[in-house]
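Descriptive analysis of the structure
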Amino acid sequence: MSDSLKKQPLYIMMLSLHGLIRGHDLELGRDADTGGQITYVIELAQALGRSPDIDRVDLVTRLVEDPSISKDYAQPEESLGSKGRIIRLPFGPRRYLQKELFWSHLDLMVDKCLNWMREQDRLPDLIHSHYADAGYVGLQLSKLLGIPLAHTGHSLGRCKKARLMAAGRKEQALDKQFNFPKRIEAEEAVLAGASILVTSTRQEANDQYGLYDNFRPKIAAVIPPGIDLSRFSPPPRAFTAHHVQAMVDRFLQDHEKPIILTICRPDARKNLHRLITAYGTSKQLQDMSNLVIIAGNRDNVLKMGEDEQAVLSNLLFSIDEHDLYGRVAIPKHHTNDDIPELYRLAAKRRGVFVNPALTEPFGLTLIEAAASGLPIIATEDGGPTDIIANCQNGLLVNPMDPDDIARTLLMALSNRAQWKKWSKNGINGVKRHYSWDAHVKKYLKQLYHTLRRERKQIRRNSLLFQHQGESAPPFNQHVLVSDIDNTLLGDRKSLSSLVEWIRQQSRAMAFGIATGRSLDSALQTLKEWKVPTPDLLITSVGSEIHYGNTLQPDLSWNHHIRFKWRRCAIEEALQGLSGLRPQPEANQREFKLSYYMNHNEPGLIEEIKKILKNLNLHANLIHSHGEFLDILPVRASKGQAIRYLAYKWGLPLQNFLVSGDSGNDTEMLIGDTLGIVVGNYSPELHRLKGQTQIYFARHHYAAGILEGLAHYGFIDTDKYPSLLEYTHD
Ligand code: GLC
Ligand code: MG
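Residues numbered from 1 in each chain as written. Chains lettered and ligands numbered in written order. Predicted model: local features only at pLDDT ≥ 70, side-chain atom pairs only at ≥ 80, totals over all residues. Heavy atoms only, no water.

With that settled, the discussion passes to the pattern of salt bridges. Under the counting rule described, the total for this entry stands at 37 salt bridges. For Arg-22, the salt bridge identified is with Asp-72, shortest N-O distance 2.9 Å. One end of the pair, Arg-22, is in the loop between β1 (10–15) and α2 (36–50); the other, Asp-72, is in the loop between β2 (54–62) and β3 (77–80), and 50 residues separate them in sequence. Overall, the relative accessible area of 10% leaves Arg-22 in the buried class. Across the salt bridge formed by Arg-50 and Asp-437, the nearest N and O atoms sit 3.2 Å from each other. Of the two residues, Arg-50 is situated in helix α2 and Asp-437 in helix α18 (residues 436–453); the sequence distance between them amounts to 387 residues. Each of the salt bridges in this network shares a partner with another, and the network as a whole consists of Arg-56, Asp-58, Glu-77, Arg-85 and Asp-121. (Salt bridge = Lys/Arg side-chain N within 4 Å of Asp/Glu carboxyl O. Helix = DSSP H or I, 4+ residues; strand = E, 2+ residues; numbered from the N terminus. Buried < 20%, exposed > 50% of the residue type's maximum accessible area, 1.4 Å probe, protein only.)

Further remarks concern the coordination of the magnesium ion (ligand 2). Coordination of the magnesium ion (ligand 2) by the protein is provided by Asp-483 (OD), Asp-485 (O) and Asp-661 (OD), with metal-donor distances spanning 2.1 to 2.4 Å. When the donors of the magnesium ion (ligand 2) are listed by position in the chain, the intervening gaps give D-x1-D-x175-D. Linking Asp-485 in the loop between β15 (478–482) and α20 (492–504) with Asp-661 in the loop between β24 (656–660) and α26 (666–669), this pair joins segments that are 176 residues apart in sequence. Take Asp-661: its relative accessible area is 1%, and that puts it in the buried class. (Donors = N, O, S within 2.8 Å, 3.2 Å for Na, K, Ca; no water.)

We now examine the nonpolar core. Within the largest apolar cluster, 96 residues are counted, with the highest numbers of intra-cluster contacts made by Leu-15, Cys-113, Leu-141 and Phe-656. Apart from the residues within four sequence positions on either side, Cys-113 is in contact with Met-13, Leu-15, Val-60, Leu-89, Val-137 and Leu-141. (Core = buried A, V, L, I, M, F, W, Y, C linked by side-chain atoms within 4.5 Å. Contact = heavy atoms within 4.5 Å.)

Let us look at the side chain of Asp-133. Within the secondary structure layout, Asp-133 lies in helix α4 (residues 131–145). In this structure, Asp-133 is buried with no salt-bridge partner, the nearest side chain bearing the opposite charge being Lys-99 at 7.3 Å. Ignoring sequence-local partners within four residues, the contact set of Asp-133 consists of Leu-17, His-18, Lys-99, Phe-102, Trp-103 and Leu-106. (Lys, Arg positive; Asp, Glu negative; His and termini not counted.)

To continue, consider the site of ligand 1. By nearness alone, every residue bordering ligand 1 is listed as Gly-516, Arg-517, Val-541, Gln-583, Asn-587, Lys-592, Ser-594, Phe-628, Asp-630 and Asn-664. In this structure, an oxygen atom belonging to ligand 1 sits 2.8 Å away from a side-chain N or O atom of Lys-592. For ligand 1, whose free accessible area comes to 310 Å², the fraction covered by protein is 86%. Looking at the shell around ligand 1, its residues break down into two nonpolar, five polar and three charged. Each of domain 3 (478–563 + 635–726) and domain 4 (575–632) gives at least three residues to the shell around ligand 1. (Near = heavy atom within 4 Å. Polar contact = N/O pair within 3.5 Å; in protein donor to acceptor, adjacent residues only side chain to side chain. Areas by Shrake-Rupley, 256 points an atom, 1.4 Å probe, with all protein chains shown as cover. Nonpolar A, V, L, I, M, F, W, Y, C, P; charged D, E, K, R; others polar. Domains from an automatic or database assignment.)

In many analyses, interface size is given as the accessible surface area lost on bringing the parts together. Taken domain by domain, the protein comprises domain 1 (5–226 + 437–461), domain 2 (243–432), domain 3 (478–563 + 635–726) and domain 4 (575–632). Taking only C-alpha atoms, the centre of domain 1 and the centre of domain 2 are 34 Å apart. Tallying the contact residues gives eight residues for domain 1 and eight residues for domain 2. Across the domain 1 to domain 2 interface the summed buried area is about 600 Å²; carbon plus sulfur atoms make up 54%. (Buried area = accessible area lost by both parts, 1.4 Å probe.)

Further remarks concern the packing of aromatic side chains. Per the counting criterion, the structure on display carries 12 aromatic pairs. Note on Phe-362 and Tyr-434: the rings are 6.4 Å apart at their centroids and 65 degrees apart in plane angle, and the pair reads as edge-to-face. Separated by 72 residues along the polypeptide, Phe-362 in the loop between β12 (352–355) and α14 (364–371) and Tyr-434 in the loop between α17 (416–433) and α18 bring together distant segments of the chain. Here Phe-362 matches Tyr-434 in class, with each residue buried. Lying over the aromatic face of Phe-91, Arg-62 brings its terminal NZ or CZ to 5.3 Å of the ring centre. The positively charged end of Arg-492 is found above the aromatic ring belonging to Trp-529, 4.2 Å away from the centroid. (Phe/Tyr/Trp six-rings, centres within 6.5 Å; stacked < 30°, edge-to-face > 60°. Lys NZ or Arg CZ within 6 Å of the ring centre and 35° of its normal.)

This part covers the pairing of strand β14 (residues 394–397). Across four bridges, strand β13 (residues 376–379) lies against β14 in parallel orientation. Along β14, the bridge assignment pairs Ile-376 with Gly-394. In the classification by handedness, the crossover that spans β13, the intervening helix α15 (residues 384–391) and the parallel β14 is right-handed. (Pairing = 2+ DSSP bridges. Right-handed = clockwise from strand over helix to strand, strands pointing away.)

So, about the sheet that holds strand β4 (residues 84–89). If you trace the eight strands from one edge of the open sheet to the other, you get β3-β4-β2-β1-β5-β6-β7-β8, paired in mixed fashion. The strands lining the two open edges of the sheet, one partner per strand, are β3 and β8 (220–222). On average, each strand axis in the sheet is tilted by 25 degrees relative to the strand beside it, whichever way the strands run. As paired elements, strand β5 (residues 126–130) and strand β6 (residues 149–152) share four bridges and run parallel to each other. What sits directly across from Ser-129, in β6, is His-151. Against the sheet, α4 touches β1, β5 and β6, its axis set at about 155 degrees to β5. (Axes fitted to C-alpha atoms, helices over the stretch in contact; angles between N-to-C directions.)

Turning next to α15. Of the residues making up α15, those classed as buried are Pro-384, Asp-386, Ile-387, Ile-388 and Cys-391. Taken together, the buried residues of α15 touch α8 (202–208), β8, α14, β13, β14 and α17. Of the residues flanking the end of α15, it is Gln-392, one or two places downstream, whose phi is positive at about 50 degrees.

In β3, alternate side chains face the same way, and those of Glu-78 and Leu-80 are buried while those of Glu-77 and Ser-79 on the opposite face are not. Note that β3 and β4 share four bridges and pair antiparallel. Note that in β4 the partner of Glu-78 across the bridge is Ile-86. Joining the antiparallel neighbours β3 and β4 is a turn of three residues, in which Gly-81 adopts a positive phi near 80 degrees.

Packing of helix α10 (residues 272–280) against helix α12 (residues 306–321) brings their axes to within 9 Å, and their N-to-C directions diverge by 5 degrees. One element, α10, and the other, α12, form an angle in the roughly parallel class. Listed contacts from α12 to Leu-272, His-273 and Ile-276 of α10 are Asn-314, Leu-315, Ser-318 and Ile-319. For the contact of α10 with α12, a count of residues per class yields four nonpolar, three polar and no charged. (Parallel < 35°, antiparallel > 145°, perpendicular 65-115°, else oblique.)

Within a sheet, each strand pairs with its neighbour through backbone hydrogen bonds, oriented either parallel or antiparallel. A sheet is described by the order of its strands in space; here six strands give the open sequence β11-β10-β9-β12-β13-β14, paired in parallel fashion. At either end of the open sheet lies a strand with only one pairing partner, and these are β11 (328–329) and β14. Of the pairings in the sheet, the one linking strand β9 (residues 259–263) to β12 comprises two bridges and is parallel in character. The partner of Ile-260 across the bridge, within β12, is Val-352. Strand contacts of α14: β9, β12 and β13, with the helix running at about 175 degrees to β12, the strand carrying the most contacts. Each of β13 and β14 touches α15; the most contacted strand, β14, lies at about 155 degrees to it.

Okay, helix α25 (residues 638–649) next. Helix length check: α25 (12 residues) gives 16 Å between terminal C-alpha atoms against 16 Å at 1.5 Å per residue, within 8%. Within α25, 12 of the 12 residues are buried, leaving the element largely enclosed by the surrounding structure. All buried positions along α25 are accounted for by Lys-638, Gly-639, Gln-640, Ala-641, Ile-642, Arg-643, Tyr-644, Leu-645, Ala-646, Tyr-647, Lys-648 and Trp-649. Where α25 ends, the next residue or the one after it, Gly-650, has phi of about 70 degrees, a positive value. (Expected span 1.5 Å × (residues − 1).)

Shown next, in the form of structure tokens:
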């Protein structure tokens, strides 16, 4: 298996949804969503495409049609080299949206991707999601299609929220502005379901992901991103950079002294004032070096934003306080092209690069400096620990201690042999550890390892969508899939109108049910209510699928949902838990464990999740009407059953009209299906109000279904005037 795996070139589907993504002229910094992640995914996609082990990379993102942004982002497809493409799929409104507003549209994206994937000649070997929004989509696709998921967080909700709260912001306001509960819930789910977690540093893995309940160190792979090595290289022998030289030297008395260089945004976290204190209090350091600070561009400090103004005025005052004129350069302006030259100038003058930040998540500038042959002195908090461990090209400092900073700088500048060694180590270390090709090498190693580990699951998937014994598709165009209790059943008069209407649609609209009941119980009730046997029966909360009068079971669904299901172990783990009582034997099925739940037991669901997690048991918990709790395999639910059917039988999800009244109907109502919520719905569905393609009917029970069918234009009231009473628009 492992060998055959190695021989087959891989297809990777990347998902990165927010920001402005295109293959050229990235608009970095245009808004908060178009930053480092965009460069990362584009460069990663290109680097993956260069590997002989990979023959296809699709980077899937959102299609945006908005007059205020370039038409490039409205192109459904863009090439990224010979093996790569950017694929853009629309979801939600057409206009550009900031990522915090994505959440209510992501289920639509799942379904759009599913549709698109079915049209391709091949399924990906790996789905790789970037950031929580894509993680949410990737996880659903991974579950539905049985494809392993890799995830890169880029930034994490729990960390951002903690940081903002520490800065004095109110939790409630933050949750509203940033949608933290949704984001964190999605991140927890992704951590539980992903097979590979790519982090840039060890600290990110341990300290940041470590804040999550579902973090499993076993799946974390520390693979730092690459940098564009063509921009950053050591100074050639005959190096002259007149422009940056003039820019720096007009501040300095003695141009020959080594440069201590720092480059960062004027941000309090970067801790520049302690660097000045370190330099300003060490006469020795001042005698042997100059300090060059590149802290953004400025015209008039007094006209800058409050935070930047505070940082810069603090800096300028400290330079004055320690009387560092002639020794510190702090140029007002620089361009992006000056940056590589500045590193080279500092390297030429045998200087060092310093990053004294209070904390540094990754430390890109340190890698740029290293690639330029400049030894580094860096904060011991965060990513630099990894960089120095990998490259052996400098020293760490305690960012809170100016004496330590000064001492370390002195040490680094005093030993010439040491300096040379560090300079060389940095240049080589970056090539080995921080090029994109090095990244891809480590990435593929991890990926093959995962594919081997999960081969059973993958082999099972090849059976997944085979039609086993079922002859023709059980439905050809549209399907009405209705919940039974309190949706289809409840009002005899409108039910008989609905049944009559369904009978006459036999060609255009098939009829299905999706219920929490078992097959037998569903059939019996339908009989009592004089409903004919449906074409499609999704029973036991989506854990079983049968077709038509012969009640042919869908066996590949059973294979698919068996994944990670350990029924006995779950049953045993929850035995005797207070507030939980097993339902009668008839309700217990191979893929469904059902309980009554005491609603006076707050936090019960959380407790159950914790118990299962601690025993490494995986399950989908679904509660309805505040009293039922169904525990299913992770891949089973009414909603997943419908998506499986859409995929298997080749129907777009929009061809599924679904109706329901309670919690276990949620997943089939959201997304690209056409949803109908009957007027007598239970409160847990209230949160779906206002979502696209979910119609809240005024009428109750079957009358509500008829009202919904009319709303979506399926009922021609000229032909069925008796149904006029159910329309309402
Ligand atoms: C039906 C099933 C029960 C389940 C409930 C909610 O009543 O019989 O087992 O818990 O639906 O899904
Ligand atoms: Mg119901």
